[in-house]
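# Residue-level structural notes
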Amino acid sequence: MTTRTAPHPALTLTPEVEQALRDGRPVVALESTIISHGMPYPQNVAMATEVEQILRSHDVVPATIAVLHGKPRIGLEPDDLELLASAPDVAKVSIRDLPYVVAREQHGATTVAATMRLAALAGIRVFVTGGLGGVHRGAPQSFDVSADLTELSTTEVAVISAGVKSILDIGLTLEKLETLGVPVLCNGTDEFPAFYSRQSGFEAPLRVDGAEEIAAIMHAKWDLGIAGGIAVANPIAAQDEIPSERISGIIDQALADMNKRGIHGKDATPYLLGRIVEITGGESLTANIALVKQNAVLGAQIATAYTAG
Ligand code: PSU
Ligand code: MN
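Below is a short write-up of the structure. (Residues numbered from 1 in each chain as written. Chains lettered and ligands numbered in written order. Predicted model: local features only at pLDDT ≥ 70, side-chain atom pairs only at ≥ 80, totals over all residues. Heavy atoms only, no water.)

### Observations concerning helix α8 (residues 147–154)
We apply this condition: Remark: exposure states derive from per-residue accessible area (1.4 Å probe, protein chains only) relative to the maximum for the residue type, with buried under 20%, exposed over 50%, and partly exposed in between. Segments assigned H or I by DSSP are reported as helices when at least four residues long, segments assigned E as strands when at least two residues long, and all are numbered from the N terminus. Whether two residues are in contact is decided by their heavy atoms: any pair within 4.5 Å suffices. Polar contacts here mean pairs of N or O atoms no more than 3.5 Å apart (in protein, one a potential hydrogen donor and the other a potential acceptor; neighbouring residues in sequence count only if both atoms are side-chain atoms).
Taken as a whole, α8 has its buried residues at D148, L149, E151, L152 and S153. Those residues of α8 that are buried lie in contact with α6 (112–122), β8 (158–161), α9 (170–179) and β11 (230–233). The N-terminus of α8 is capped by S146, whose side-chain oxygen sits 3.0 Å from the backbone nitrogen of D148.

### Structural notes on the site of ligand 1
Threshold: Here a residue counts as near a molecule or strand whenever at least one of its heavy atoms sits within 4 Å of it. With residues, only the protein chains shown are counted as cover, and all accessible areas are computed by Shrake-Rupley using a 1.4 Å probe. Lys, Arg, Asp and Glu make up the charged group, whereas Ala, Val, Leu, Ile, Met, Phe, Trp, Tyr, Cys and Pro make up the nonpolar group; the residues left over, Gly among them, are polar.
Near ligand 1, the surroundings consist of 15 residues, among which E31, K92, S146, D148 and K165 are the closest. A distance of 2.8 Å separates an oxygen atom of ligand 1 from a polar backbone atom of V112. Within the side chain of S146, a nitrogen or oxygen atom sits 2.7 Å from an oxygen atom of ligand 1. Compared with its free state, where it exposes 470 Å², ligand 1 has 94% of that area covered by protein. Those elements giving two or more residues to the shell around ligand 1 turn out to be α2 (33–36) and α12 (268–279). A breakdown of the residues in the shell around ligand 1 according to their chemical character gives four nonpolar, seven polar and four charged.

### Digging into helix α10 (residues 211–223)
Counting along an α-helix, one turn takes 3.6 residues, and residues three or four places apart therefore face a common direction. Formally: Expected helix span is taken as 1.5 Å per residue step, with the number of steps being one fewer than the number of residues. The arc in question is formed by the directions pointing from the helix axis toward the C-beta atoms.
Relative to the 18 Å expected for 13 residues at 1.5 Å per residue, α10 spans 18 Å between its end C-alpha atoms, a close match to the ideal helical length. Among the residues of α10, A211, I214, A215, M218, H219, K221 and W222 are the ones counted as buried. The arc that holds the buried residues of α10, viewed along the axis, is 165°, so those residues lie on one side. Opposite the packed face of α10, turned more than 90 degrees from it, sit the exposed residues E212 and D223. Buried residues belonging to α10 abut β7 (126–128), β8, β9 (184–187), β10 (206–208), β11 and α13 (283–308). Phi for G225, located one or two positions after α10, is positive at around 75°.

### Some points on the pattern of salt bridges
Heads up, the condition is: Just to be clear on terms, a salt bridge is a Lys or Arg side-chain nitrogen sitting within 4 Å of an Asp or Glu carboxyl oxygen.
Using the criterion set out here, one finds 14 salt bridges in the structure. A salt bridge links R25 to D23; the shortest N-O distance between them is 3.7 Å. When the shortest N-O distance is used, the salt bridge between R73 and D80 registers 2.7 Å. Per residue, the accessibility class of R73 equals that of D80, and both read buried. What emerges from the salt-bridge pattern is a single network uniting D257, K260, R275 and E278.

### Regarding the packing of helix α11 (residues 244–261) against α12
What counts, and what does not: Between the N-to-C directions of two axes lies an angle of 0 to 180 degrees, each axis being a line fitted to C-alpha atoms and, for a helix, fitted only over the stretch in contact. Should an angle fall under 35 degrees it is called roughly parallel, over 145 degrees roughly antiparallel, and 65 to 115 degrees roughly perpendicular, with every other angle called oblique. Two helices cross in a left-handed way if the nearer one is turned anticlockwise from the farther one by less than a right angle. They cross in a right-handed way if the turn is clockwise.
Between α11 and α12, the least distance of the axes is 9 Å, while the angle of their chain directions is 130°. Classified by the interaxial angle, the pair formed by α11 and α12 is oblique. For α11 against α12, the interelement crossing comes out right-handed. Between α11 and α12, the contacting residues are I247, I250, I251, Q253, A254, L255, D257, M258 and R261 on the first element and A268, Y271, L272, R275, I276 and I279 on the second. The residue makeup of the contact of α11 with α12, split by class, is 11 nonpolar, one polar and three charged.

### Points about the environment of G70
Of note, G70 is situated in the loop between β3 (61–68) and β4 (71–74). A residue is classified by how much of its surface remains accessible, and G70, at 7% relative accessible area, is buried. Among residues more than four places away in sequence, those in contact with G70 are V101, V102, E105 and Q106.

Honestly, it's all geometry; don't read function into it.
So this is what it looks like as structure tokens:
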């Protein structure tokens, strides 16, 4: 049985999201860093709008999450999406930044980690995005490990992504997720997917086939009282992928450019994504948008199966 808890009083839910949660209808959370810091304008707002439409076409209520004027918002209006996509003063908000932007009444675009936490506080269990943060290349020296991973170890949300791109150390990211007790469910594949590419060279930690199986694993984990989330890795469709042999040199180039400029910390991922779009002449952006839309379809199916279970 799915138990429902009332949303935390500090959150502002849209009436639509609030009603759907109360009725036990499927709701899917969406993050906002991907809008403000993951893609250029205006493709970012177009993507965000389309993903919401995909969810609705599957009878699922979308809940894009962000902090606006210091208020954690669960579900946004078109004007809010436009602001997040275009305003220059929207902070990238991971879990450590959340209290700061709330207290200062600022705008914040939430990462996977912060979106997971706010989704859980609202009572939402399924969250769709593009790519997870992870262990950065060079982390043994820099210690740069995304808080997305630690959040997955504590917060009861299933996160649907297209895997981890090789701007990160994919092997170390999978090791860290194992240590943290996070199931990594690879949908319809025996290989862990690498975001732009279907192949990463790493075996799927766990293979699943379809939303019903994924929903059953969510119920099994949380019925057992095991804390933390679930990472669902959904490979990009073959017709949309950039094969790993082609993207890997481009990623190496973007990493070299980043190091030359001394960019690090929270600016690393946004810089790398933007640089890869530049080097590929927009091809990586097209792939990124395609994979998010595919993830929305799977997320809608998972949320529907989970609420039925
Ligand atoms: N990967 C992408 N697009 C993104 C991100 C990652 O392909 O927009 C964003 C997500 O919000 C993710 C965050 O949670 O970057 C990770 O940032 P950091 O490594 O600073 O935790
Ligand atoms: Mn980091």
